[in-house]
Amino acid sequence: EWSLRMLSIILDGLESADGPLGADESEAFAAWRAGSAPVMSGDSEWIANSLVSSVASIPSLMKTLLLLNDSDPVKARVFNLSIIRRAISSKYTIGNWLVYMLEAVDPVVARRGVDYLEILSEDEDENALIPSTKRVRFAGTQLSPSQRAALYYKVSKLDYFLPAILALEETAEVDRAAKTKLLRHILDKELGSRPTLTMAFFDLFLLLVLLVTFQMSAYHVVDGAAQNSQYMTTYFLSLIGILYAILRKFGQMSSMIKISRQAFIENNFRWVDAIDWLAIALATGGVIWMEVSISTNYEAVPVTDYMRSYLAAAICALWFKLVSWLSVINWQVINLVQLLQQVLLGMRWILLFLLFAILSSSQMFYVMLSGKNCDANGYCEKQNAYLQVWAILLGQFNIDDFQSVFSVISFVAFTFVAFILLGYALIATAIDCYNKQVTFRSENSAYGNRSRLVYIAELRAFRRLFDQRWTVMQYCAALLFFTSTLVVFLFAAAGIRNSLGAYYSGGIVGGAVALLLIFLFVSIMAFVSHMTYYSFVENNGANGCGSKLCQCIAANAFVRFLSHPMEILMCKAVDVDGIHLDGTPSTAKYTDSWQGSATHIRCHVKRELMSTERHIASRMKNELFTMEMRHKKANERSRADVLTEIRASEERMERMLSDFQSWMERRIDKED
């Protein structure tokens, strides 16, 4: 601590003219100031930067400081030293020790690693601004946008950095790391890169293909049309979209299980994954159901209301899958989804009371109005009674239905409670939830960043899987996959199925299809299982398009011609203009526009308070210095006066002694 304090004093003296080094008049620095070649301001800045980089380059220095106990006062004193604040924000501090801390089995060490991510995300004037934790928080010095982007770029290039965050054992720590500006910046930059946009384009394109072709097939079947080439085209395209969706989900599961068991559990059982699997299952069942129905000319399997409802649910699930995909990559959609979640969560009790009002009123109206004028009255059946009350909420009702006094009173009471009380309560609650969500947006951003983190880690692992050199097992798995897919498409053709059914029994054909699906599943698992933990290494030689086949396709003139509109489309879908980058690798438009207004207000108030505190401290320091100088001068004057009085007293005593001695001498002489 003493060494760091001395280095901080030297650094303060180098960076400010009125610092300890500049104000020190002792002989230790007199020769340095009055040398033949005095140090200029540029040289002083270079010396200060060299001093900071040298301290920041000490191995495991920051790790050792972070592991100090929060209750230890030494930690607070050390992190408030200028040399440490500068070292925190230095890119020379960044090293693999950060990944080792995040991967540590001890949760305390992992928490300290997340603390450092928060420290890197905060400026000098934002210390302890957003209290996401009750522990002591510190911050580095304020950096320019280009310096901060360079610092974050070095962090993003650490091997296994993103998997290490996902591998954190505590979910709260993953969310805390996901809310940092550092991770937001890294994810934005990764989403804005061309390799990620390319893979995201294939996700969007094949999802839209599945959505459109499934709708066209459903329209064809419910209209009772015969099997033709158009239906077969949409049928096979739907199968391709389903197979790609299954491959991507298995790839996500494989990439997460290779990181850690905790990452697999936490990131494969979310509501987004539930929607994806539901859409895949419903689409698969719908394609099979439609093919069986149309291949038999709707005789063995006719189009019933259940089939129509099933296909409608499948189409709805596919649209929800599209929304869930957008809620992962587009920050505006993420904010909208979070807003809807908070609004529904805030209105849950009001909606419950509204449900009680609808159910009770429906039962009351059925009891009072059933059996009366059933030709024009919709309350004669129990099911219609609920729909009639719901229609009242929408403003559609017939006043002639309510003839008795109690029915009129019940109608007025229901409309008053539903429209006036609960209706305005719903509106007020929705506005309040909206204001809270927009105001405190930055505190609620963990979900969006975590979903994007999983998506980017999955895409990066997939990209590395195709960039790296394949093994014999991978070639065999790919060959088995394509062969199984081809045979599945052959079985999907009605003519081939009928031909096989003519020669073999249904059990043999069904067993062959089941065995074929097992081969397809095994091939997918064998292929994606080669995504290892080492697929997340940043500097492994592959950059964007590592294989020769990929490079050959990328060099094609037609592909390059189509890449520009595709890039524009994906930039709009990902909302690249809304994220904080200008596309260059060294600078970034790093602003806080994505944060809520409350964060900006607290930042401004905190800056003003800290500025006022510094001003008051400076004034107090000057006043204390002035009082000290006055006291010193008063003491010097008092000392001088005392010394003068002492000297005067000594002179008087000497004169008295001299007079007494001369008197004694005269008396002795007189007696003699």
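This is a predicted model, so every value here is computed, not measured.

## A look at the overall build of the protein
Okay, step 1: Helices and strands together make up the secondary structure of the protein, namely 29 helices and zero strands.
Okay, step 2: Residue burial in the protein is summarised as follows: out of 672 residues, 41% are buried.
Okay, step 3: In the form shown here, the protein has an accessible surface area of approximately 37100 Å², with 64% of it arising from carbon and sulfur atoms.

## Regarding the nonpolar core
Okay, step 1: Residues I83, I84, Y116, V155, F161, I165 and F214 are the most contacted members of the largest nonpolar core, which totals 119 residues.
Okay, step 2: No other element matches helix α15 (residues 229-259), which puts 12 residues into this core.
Okay, step 3: Apart from residues no more than four positions distant in its own chain, I165 is found in contact with L102, L117, V174, A177, L183 and L453.
Okay, step 4: Core analysis: the second largest hydrophobic core is formed by 20 residues, L339, L354, L393 and A418 among them.

## Thoughts on the packing of α15 against helix α24 (residues 472-492)
Okay, step 1: For the pair α15 and α24, interaxial distance at closest approach is 11 Å and the crossing angle is 145 degrees. At the point where α15 passes α24, the crossing takes the right-handed sense. Of the residues in α24, those touching α15 at Y235, F236, L239, I240 and L243 are T485, F489 and A492.
Okay, step 2: Grouping the constituent residues of the contact of α15 with α24 by class yields seven nonpolar, one polar and no charged.

## Points about the pattern of salt bridges
Okay, step 1: Under the counting rule described, the total for this entry stands at 16 salt bridges.
Okay, step 2: E1 is the salt-bridge partner of R5, the closest N and O atoms lying 3.3 Å from each other.
Okay, step 3: The partly exposed category is assigned to R5, whose relative accessible area is 32%.
Okay, step 4: Its salt-bridge partner being E266, residue R450 comes within 3.5 Å of it at the nearest N-O pair. Here E266 lies in helix α16 (residues 261-267) and R450 lies in helix α23 (residues 446-467), a separation of 184 residues in the sequence.
Okay, step 5: Classification of R450 as buried rests on a relative accessible area of 12%.
Okay, step 6: On the accessibility criterion, E266 (26% relative accessible area) is partly exposed.
Okay, step 7: Residues participating in the shared-partner salt-bridge network are K249, R270, D273, D276 and K321.

## What about the packing of aromatic side chains?
Aromatic ring pairs are reported here in terms of the distance separating the ring centres and the angle at which the planes meet.
Okay, step 1: All told, the structure shown has 14 aromatic pairs when counted by the stated rule.
Okay, step 2: Members of the aromatic cluster, each reached through a chain of ring pairs, are Y231, Y235, F236 and F489.

## What about a nonpolar patch on the surface?
Okay, step 1: A contiguous nonpolar surface patch, about 740 Å² in accessible area, is contributed by F416, V417, F419, I420, L421, Y424, I427 and I431.
Okay, step 2: Judged by relative accessible area, which is 47%, I431 ranks as partly exposed.

## Thoughts on the side chain of Q262
Okay, step 1: Its location among the elements puts Q262 in helix α16.
Okay, step 2: Note on Q262: relative accessible area 18%, which makes it buried.
Okay, step 3: Among the polar contacts made by the side chain of Q262, one reaches the main-chain carbonyl oxygen of E169 at a distance of 3.5 Å.
Okay, step 4: Once you skip the residues sitting within four places of it in the chain, Q262 turns out to touch L168, E169 and T171.

## Comments concerning the environment of A172
Okay, step 1: Here A172 shows up in helix α12 (residues 171-178).
Okay, step 2: In this structure A172 comes out as exposed when scored by relative accessible area, which is 54%.
Okay, step 3: Sequence-wise, A172 and R111 are 61 residues apart; in three dimensions their C-alpha atoms are separated by 9.9 Å.

## A closer look at unusual backbone geometry
Okay, step 1: The phi dihedral of Y160 is positive, around 65 degrees, even though this residue is not glycine.
Okay, step 2: Here Y160 lies in the loop between α10 (145-156) and α11 (161-166).
Okay, step 3: Judged by its relative accessible area of 18%, Y160 falls in the buried class.
Okay, step 4: Even without a glycine there, the phi angle at Y298 is positive, about 65 degrees.
Okay, step 5: What makes Y298 buried here is its relative accessible area of 17%.

## Here's the deal with the environment of L151
Okay, step 1: Along the polypeptide, L151 turns up in helix α10.
Okay, step 2: Setting aside residues up to four positions removed in sequence, L151 forms contacts with S89, S90, K91, I94, L120 and L143.

## Notes on the side chain of T196
Okay, step 1: Mapped onto the secondary structure, T196 falls in helix α14 (residues 194-222).
Okay, step 2: Not counting residues within four places of it along the chain, the set of residues in contact with T196 comprises E190, L191, L459 and R463.

## Observations concerning the confidence of the model for the protein
Okay, step 1: Averaged over the protein, the pLDDT score is 78; the fraction of residues at 70 or greater is 80%.
Okay, step 2: When pLDDT is averaged over each helix and strand of the protein, the minimum, 47, is found for helix α2 (residues 20-23) and the maximum, 92, for helix α18 (residues 305-329).
Okay, step 3: Note on residues 124-136: pLDDT under 50 across the span, and 44 contacts to partners over four residues away in sequence or across chains.
Okay, step 4: Counting contacts from residues 580-595, a segment whose pLDDT is below 50, to residues more than four positions away or on other chains yields 48 contacts.

## Thoughts on the packing of α14 against α15
Okay, step 1: At a minimum axis distance of 8 Å, the contact between α14 and α15 shows a crossing angle of 140 degrees. Here α14 is positioned oblique relative to α15, judged by the angle of their axes. The hand of the α14/α15 crossing is left-handed. Side by side, α14 and α15 meet where M199, F202, D203, L206, V209, L210, T213, F214, M216, S217, H220 and V221 of the first sit next to Q230, Y231, T234, Y235, L237, S238, G241, I242, Y244 and R248 of the second.

## Some words on the environment of K63
Okay, step 1: When you line up the elements, K63 lands in helix α5 (residues 61-66).
Okay, step 2: Excluding anything up to four places from it in sequence, K63 contacts W97 and M101.

Cut-offs used in this document
- Residues numbered from 1 in each chain as written.
- Predicted model: local features only at pLDDT ≥ 70, side-chain atom pairs only at ≥ 80, totals over all residues.
- Heavy atoms only, no water.
- Helix = DSSP H or I, 4+ residues; strand = E, 2+ residues; numbered from the N terminus.
- Buried < 20%, exposed > 50% of the residue type's maximum accessible area, 1.4 Å probe, protein only.
- Areas by Shrake-Rupley, 256 points an atom, 1.4 Å probe, with all protein chains shown as cover.
- Core = buried A, V, L, I, M, F, W, Y, C linked by side-chain atoms within 4.5 Å.
- Contact = heavy atoms within 4.5 Å.
- Axes fitted to C-alpha atoms, helices over the stretch in contact; angles between N-to-C directions.
- Left-handed = near helix turned anticlockwise from the far one by under 90°.
- Nonpolar A, V, L, I, M, F, W, Y, C, P; charged D, E, K, R; others polar.
- Salt bridge = Lys/Arg side-chain N within 4 Å of Asp/Glu carboxyl O.
- Phe/Tyr/Trp six-rings, centres within 6.5 Å; stacked < 30°, edge-to-face > 60°.
- Patch = residues over 30% accessible without salt bridge, like charges linked within 9 Å, V, L, I, M, F, W, Y side chains within 5 Å.
- Polar contact = N/O pair within 3.5 Å; in protein donor to acceptor, adjacent residues only side chain to side chain.
- pLDDT = per-residue confidence, 0-100.
- Parallel < 35°, antiparallel > 145°, perpendicular 65-115°, else oblique.

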